[in-house]
Amino acid sequence: MSGEPKRGLFGRWFGRQEKPAEEAPAPDTNEPKTETTPAAEPAVESPVVAAPEPPPALGPPVEVVEPLVETPAALVPEAAPAAEPPKKTSWFQRLREGLQKTSSKLSDGIAAVFTKRKLDADTLEDLEDLLIQADLGVETSMRITEAISKGRYEKGISADDVRAVLAQEVERVLAPVAKPLQPDFSRKPHVVLVVGVNGSGKTTTIGKIAHKYVRDGRKVMMAAGDTFRAAAIDQLKVWGERTGAKIIARDVGADSSGLAFDALKEARDGGFDLLLVDTAGRLQNKAALMDELEKVVRVIRKLDPTAPHDVLLVLDATTGQNALSQVEVFRQRAGVTGLIMTKLDGTARGGILVAISAKHGLPVHAIGVGEGVDDLQAFDAGEFARAIALN
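Attention in this report is confined to the structure presented alongside it. Remember, it's a predicted structure, so these values are computed and weren't measured experimentally.

Re the packing of helix 9 (residues 159-174) against helix 16 (residues 381-389)
- Running from amino to carboxyl end, helix 9 crosses helix 16 at an angle of 145°, the nearest separation of the two axes being 8 Å. Judged by the twist between their axes, the crossing of helix 9 over helix 16 is right-handed. Between helix 9 and helix 16, the residues in contact are Arg163, Leu166, Ala167, Val170, Glu171 and Leu174 and Ala381, Gly382, Phe384, Ala385 and Ala389, respectively.
- Its residues assigned to classes, the contact of helix 9 with helix 16 comprises eight nonpolar, one polar and two charged.

Below, the structure written as structure tokens:
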């Protein structure tokens, strides 16, 4: 009996695989329960059951980290290159694009007229018709054909030579009227009244002028005198926020002449350098509306007999021949002192500016090619002539 426990002990330690499980001795109630109790088995097995789920403390899954560690740098896809900012075109290039309609018509027409033809009376007549159709005006067209015919009659002439003469003659007409706006800031304020027909771009032009002079350190006020349109009032307020210029506005339907009076009084009391007064768009053939514009001028002069110091007529470059009658009527009724041409956007009929300048001789202060704050620039006769004739 004494050897049996030894074999049982040896078998339990070294010969466990040789004994079937059912031959194990029955548990003895006198032995400690920890030796044979099966309760310890689940404690050993429980980690195996929980193993498939990694502990949260192990960090991100392997598949996220693995490419960063093991993938060769050459195989990592390159990031898409950042989009390049659009190249800023020069002012002259934008002007050429704005006058594309006029210049293309002239260039194609000149090429057609002077292909394998001598310079004779019929050729000159065809050229003159072409120039008039491009809105250059009868007077300017006759001057150009006369300049081309000198020394070349009954001789061959190339289309390039014709365009060169055209550019010279257009510049000759425009050079005397190319005068930038030059407010007299000793007046405190210098008053500028801005007029024009509906949709010509008056309000936007005022905002751009304000931007320029605020940037130059001047104290600027804008008066929302187009009291017929809520949109015009709101638009000028936006320009005020954008430029930092002060805005004087009233409710829709308010008396525009009264608003102009109040604005001038406040600008004078506040020591402002420049007062820009917007006006309601009006057709030049509507007498009642033109009477209201004259009233604005009269009321302003009650405070300052010399005001307005400038009356700017804003012309839409797409209107063509109608711009001529606008200049005539506004000059007569409102005392226009200078011109600004806007909307040179590729559909413009810019040749009309040459006809206006030849007929009226009014200063052309600036031209606009877009809606941005820097899209209104001082008028340059040479650039304008080259953009029309040599495009």
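And the narrative resumes.
Some remarks on the nonpolar core
- Leu166, Leu275, Leu339, Leu344 and Phe384 are the most contacted members of the largest nonpolar core, which has 77 residues in total.
- With near-sequence residues (within four places) excluded, Leu275 lies in contact with Pro189, His190, Val191, Val192, Met221, Ala223, Ala263, Leu264 and Ala267.
- Core analysis: the second largest hydrophobic core is formed by 22 residues, Leu181, Ala210, Leu236 and Trp239 among them.

Thoughts on the sheet that holds strand 4 (residues 274-277)
- The mixed open sheet is built from eight strands, whose spatial order is 3-2-4-1-5-6-7-8. What marks the edges here is a single partner per strand, and that holds for strand 3 (246-248) and strand 8 (376-378). Across the sheet, the axes of successive neighbouring strands diverge by a mean angle of 25°, strand direction being ignored.
- Relative to strand 4, strand 1 (residues 190-195) is paired through four bridges, and the arrangement is parallel. Following the sheet pairing, Val191 is matched in strand 4 by Leu275.
- Along the sheet face, helix 15 (residues 352-360) touches strand 5 (310-316), strand 6 (338-342) and strand 7 (364-368) and points at about 175° away from the line of strand 6.

About the thresholds
Residues numbered from 1 in each chain as written. Predicted model: local features only at pLDDT ≥ 70, side-chain atom pairs only at ≥ 80, totals over all residues. Heavy atoms only, no water. Axes fitted to C-alpha atoms, helices over the stretch in contact; angles between N-to-C directions. Helix = DSSP H or I, 4+ residues; strand = E, 2+ residues; numbered from the N terminus. Left-handed = near helix turned anticlockwise from the far one by under 90°. Contact = heavy atoms within 4.5 Å. Nonpolar A, V, L, I, M, F, W, Y, C, P; charged D, E, K, R; others polar. Core = buried A, V, L, I, M, F, W, Y, C linked by side-chain atoms within 4.5 Å. Buried < 20%, exposed > 50% of the residue type's maximum accessible area, 1.4 Å probe, protein only. Pairing = 2+ DSSP bridges.

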